[in-house]
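So you can see what is in the structure, the chains are spelled out below.
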Amino acid sequence: MKKLQGNGLWESSRMMLMEHRDAIIHRSMESKHKQIPIIDEQKKEEINQILLQAFQEKMEIKISYFHEKDFTTMTGMIMCLDKVKQRIKIYDNWIECNLIQECSL
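For clarity, every value in this text was computed on a predicted model and none was experimentally measured.

Caption draft 1: Examining the sheet that holds strand 3 (residues 87–90) more closely. In spatial order, the strands read 4-3-2-1-5; together these five strands make up an open sheet with antiparallel pairing. Each edge of the open sheet is held by one strand with a lone partner, namely strand 4 (93–96) and strand 5 (100–104). Put simply, the sheet's adjacent strands are angled 45° from each other on average, direction ignored. Examined bridge by bridge, strand 2 (residues 70–82) and strand 3 share four bridges and lie antiparallel to one another. In the sheet register, Ile78 faces strand 3, and the bridge partner there is Ile90. Across the sheet, helix 2 (residues 41–56) lies against strand 1 (60–67), strand 2, strand 3 and strand 5, angled at about 50° from strand 5, the strand it touches most.

Right, dumping it as structure tokens:
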């Protein structure tokens, strides 16, 4: 056996177990997913005011929210506002208010 020059490994020790390969792939996929950012109280209050205004005045709203490890944008009218569970319904989609990052009328 010859020792490799650069990294000091033996030629015969350059194999990788399937579990190690799968772990490397899994870690690289996880790093691509975005984390939900934390919103301060002032921004939450601003979002809540816009949501309430859009619901009361039956206005179309554009929101950006965190869904399944990525951001999604949706435009439509708020059909239902559930204050107990803190969520809104646009078309047939229920969206939790704490996942909303941006909204505009």
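Picking up where we left off.
Caption draft 2: Quick peek at the packing of aromatic side chains. Going through the model one piece at a time under the given rule, you end up with one aromatic pair. Between Phe66 and Phe71, the ring centres sit 5.2 Å apart and the planes meet at 75°, which makes this aromatic pair edge-to-face. Take Phe66: its relative accessible area is 12%, and that puts it in the buried class. The side chain of Arg87 reaches across the aromatic face of Trp94, ending 3.9 Å from its centre.

Caption draft 3: Region of interest: the nonpolar core. One finds Leu51, Ile61, Ile63, Ile88, Ile90, Ile95 and Ile100 to be the most contacted residues of the largest nonpolar core, which totals 16 residues. Among the elements that line this core, the one with the most residues is helix 2, at four residues. Each residue touching Ile88, except ones within four places of it in the same chain, is listed here: Leu51, Ile63, Ile78, Cys80, Leu81, Asn93, Trp94, Ile95, Cys97 and Ile100.

Caption draft 4: Inspection of the pattern of salt bridges at higher detail. Applying the stated criterion to the full structure yields five salt bridges. The closest approach of N and O atoms between Lys44 and Glu41, which form a salt bridge, is 3.8 Å. On the criterion of helical spacing, the pair formed by Lys44 and Glu41 is a turn pair, its members being three residues apart in helix 2. Judged by its relative accessible area of 59%, Glu41 falls in the exposed class. Note that Glu46 and Lys43 form a salt bridge whose closest N and O atoms lie 3.9 Å from each other. Here Lys43 and Glu46 lie together in helix 2, a separation of three residues that amounts to about one turn. Residues participating in the shared-partner salt-bridge network are Lys43, Glu46 and Glu102.

Conventions we followed
Residues numbered from 1 in each chain as written. Predicted model: local features only at pLDDT ≥ 70, side-chain atom pairs only at ≥ 80, totals over all residues. Heavy atoms only, no water. Pairing = 2+ DSSP bridges. Helix = DSSP H or I, 4+ residues; strand = E, 2+ residues; numbered from the N terminus. Axes fitted to C-alpha atoms, helices over the stretch in contact; angles between N-to-C directions. Contact = heavy atoms within 4.5 Å. Phe/Tyr/Trp six-rings, centres within 6.5 Å; stacked < 30°, edge-to-face > 60°. Buried < 20%, exposed > 50% of the residue type's maximum accessible area, 1.4 Å probe, protein only. Lys NZ or Arg CZ within 6 Å of the ring centre and 35° of its normal. Core = buried A, V, L, I, M, F, W, Y, C linked by side-chain atoms within 4.5 Å. Salt bridge = Lys/Arg side-chain N within 4 Å of Asp/Glu carboxyl O.

Honestly, that's just the spatial picture; any functional story needs more than this.
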